Amino acid sequence: MKLCRFDNDRLGIVEGDEVLDVSDALDAIPPARWPFPVGDPLIIHLERVLARALYMASSAPRRPLAGVQLHAPVANPSKIIGAPINYREHVEEARRDPGISHGREIKTIGDWGLFLKATSSLIGPSEPVRVRFPDRRNDHEIELALVIGKRGTRIPRARALEHVCGYAIGLDMTVRGPELPSFRKSIDTYSVLGPWLVTSGEIANPNDLELSLAVNGKIRQRASTRSLDYDCERLIEFASRFYTLHPGDVIMTGTPDGVGPVQPGDVIVAEVAGVGRMEVRVVADSSEPASPRGV
Ligand code: MN
């Protein structure tokens, strides 16, 4: 099933070029009081919501997909985890290009570990990426995104995919520079998740998905998750050795080669086979004319 969040607070099932409005299924989420449980309430109660949504689907109002605003399918992840240098060809391009490496020695994901992106950076495809520092290099990175459905810590590889409730396309937008990745990749709007959540049962093998990204109609990135260094199971095992994973947590699995800059006015089209396709605009963030000096 393709589950989307649209028009701010609506829940939909995507079927072809239509959205079935199943927002009333959200009533399956029990009311909660402070202190709220960690994790996204929709994902915590996803099974119940999906059961009700399926029951409602045949009589649900239908809207044309092209006429709705699509938001990040997970509204409130407790964390967004990033995987650096997780495709060999991207490791090689990062070593070749000082505009990517900025003097850092490019090692392996095992040496570097993972990083976190601020949840305040999250948007869906209907919102534009706002370039905050136009005088610096702002790159696109397409990634398969895993959405965690079940809390877990020290998850063994053999059980890893049981903790995934679905998949989405992730854009790990990045300002290049000397700062630590968590800082450079956490700018508002620099984490795009969409266009919807494809429930895990629809993806037979997340380590065998073609992905591609084009800017203004020109293909920049094209690869398969077969080329991941740490595959999806290993990323979950690795992440959960350090962090408890909560329902709604997002793991962006890393980007293949072909990363490159975008500018205001550009249109990014990102596609992951079996998941979907999304178009994301890039605009200037006029509130910040230039990067701060001395940072
Ligand atoms: Mn990345």
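Let me sum up the structure you'll find in this document. Computed from a predicted model, the values in this text were never measured in an experiment.

What counts and what doesn't
- Residues numbered from 1 in each chain as written.
- Predicted model: local features only at pLDDT ≥ 70, side-chain atom pairs only at ≥ 80, totals over all residues.
- Heavy atoms only, no water.
- Helix = DSSP H or I, 4+ residues; strand = E, 2+ residues; numbered from the N terminus.
- Rg over C-alpha atoms; globule rule 2.2 N^0.38 Å.
- Buried < 20%, exposed > 50% of the residue type's maximum accessible area, 1.4 Å probe, protein only.
- Contact = heavy atoms within 4.5 Å.
- Lys, Arg positive; Asp, Glu negative; His and termini not counted.
- Charge placed at Lys NZ, Arg CZ, Asp CG, Glu CD.
- Salt bridge = Lys/Arg side-chain N within 4 Å of Asp/Glu carboxyl O.
- Arc of directions from axis to C-beta.
- Pairing = 2+ DSSP bridges.
- Donors = N, O, S within 2.8 Å, 3.2 Å for Na, K, Ca; no water.
- Phe/Tyr/Trp six-rings, centres within 6.5 Å; stacked < 30°, edge-to-face > 60°.

1. Comments concerning the overall build of the protein chain
When helices and strands are tallied, the protein chain shows seven helices and 20 strands. Whereas a compact globule of 295 residues would reach a radius of gyration of roughly 19 Å, the protein chain reaches 18 Å, a difference of no more than 12%. Seen along its three principal axes, the alpha-carbon backbone of the protein chain occupies a region of about 55 × 40 × 40 Å. By the burial criterion, 55% of the 295 residues in the protein chain qualify as buried. Counting only contacts in the protein chain whose residues sit at least 6 apart along the sequence, the fraction spanning at least 24 positions is 77%. Charge centroids of the protein chain, computed over 36 positive and 39 negative side chains, lie 3 Å from each other.

2. Considerations on the pattern of salt bridges
Evaluation of the coordinates by the stated rule reveals 21 salt bridges. The partner of Arg 136 in a salt bridge is Glu 179, and the shortest N-O contact between them spans 2.8 Å. Of the two residues, Arg 136 sits in the loop between strand S9 (129-131) and strand S10 (138-140) while Glu 179 sits in the loop between strand S13 (174-175) and helix H6 (181-184), which places them 43 residues apart along the sequence. Given the relative accessible area of 21%, Arg 136 is considered partly exposed. Here Asp 231 makes a salt bridge to Arg 157, at a shortest N to O gap of 2.8 Å. Of this pair, Asp 231 sits in the loop between strand S16 (218-224) and helix H7 (232-242) while Arg 157 sits in the loop between strand S11 (142-148) and strand S12 (164-172), and the two are 74 residues apart along the sequence. Owing to a relative accessible area of 18%, Asp 231 belongs among the buried residues under this scheme. Linked through salt bridges whose partners overlap, the residues forming this network are Asp 97, Lys 117, Arg 137, Asp 139, Glu 141, Asp 172, Arg 176 and Lys 185.

3. Re helix H3 (residues 88-96)
When H3 is considered as a whole, its buried residues turn out to be His 90, Val 91, Glu 93 and Ala 94. Projection of H3 onto a plane perpendicular to its axis shows the buried side chains occupying an angular sector of 165 degrees, all on one side. Summarising the geometry of H3, the exposed residues directed more than 90 degrees from the buried face are Arg 88, Arg 95 and Arg 96. In this structure, the buried residues of H3 make contact with helix H4 (98-101).

4. Let's talk about the side chain of Ser 101
Examined against the element boundaries, Ser 101 turns out to sit in helix H4. Excluding anything up to four places from it in sequence, Ser 101 contacts Ala 94 and Ile 106.

5. Regarding the sheet that holds S10
In space, the three strands of this open sheet follow the order S13-S10-S18, with antiparallel pairing throughout. Two strands in the sheet have a free side with no partner beyond their single neighbour: S13 and strand S18 (260-261). Sheet topology note: the S10/S13 ladder contains two bridges and is antiparallel. Among the inter-strand pairings, Asp 139 is bridged to a residue of S13, identified as Thr 174.

6. Let's talk about the coordination of the manganese ion
Tetrahedral metal sites with four donors have an ideal angle of 109.5 degrees; octahedral sites with six donors have ideal angles of 90 or 180 degrees. Protein coordination at the manganese ion comes from Glu 141 (OE), Glu 143 (OE) and Asp 172 (OD), with a distance range of 2.0 to 2.1 Å. Summarised as a motif, the one-chain spacing of the donors to the manganese ion is E-x1-E-x28-D. As far as the burial class goes, Glu 141 and Glu 143 line up, both buried.

7. A closer look at the packing of aromatic side chains
The full count for this structure, using the stated rule, is two aromatic pairs. Ring centres 5.3 Å apart and planes at 70 degrees place the aromatic pair Tyr 230 and Phe 238 in the edge-to-face group. According to the relative accessible area criterion, Tyr 230 is buried, its value standing at 10%. With centroids separated by 6.1 Å and ring planes inclined at 80 degrees, the aromatic side chains of Phe 238 and Phe 242 adopt a geometry described as edge-to-face. A residue pair is termed a helical-turn pair when its members lie 3 or 4 positions apart in one helix, as Phe 238 and Phe 242 do in helix H7 at four residues. The class for Phe 238 is buried, based on a relative accessible area of 13%. An aromatic cluster is present here, built from Tyr 230, Phe 238 and Phe 242 joined pairwise through their rings.

8. Looking at the pairing of strand S14 (residues 191-199)
Of all the nine residues making up S14, nine are buried; the element is thus mostly covered by neighbouring parts of the structure. Pairing of strand S1 (residues 2-6) with S14, which is carried by two bridges, proceeds in the antiparallel orientation. Paired with Lys 2 across the two strands is Val 198, which belongs to S14. Sheet topology places strand S8 (residues 122-123) next to S14; two bridges connect them, and they run parallel. Residue pairing in the sheet places Leu 122 in a bridge with Ser 191 of S14. Strand direction decides the pairing type here: S12 and S14, joined by six bridges, are antiparallel. Within S14, the residue paired with Tyr 167 across the bridge is Val 198.

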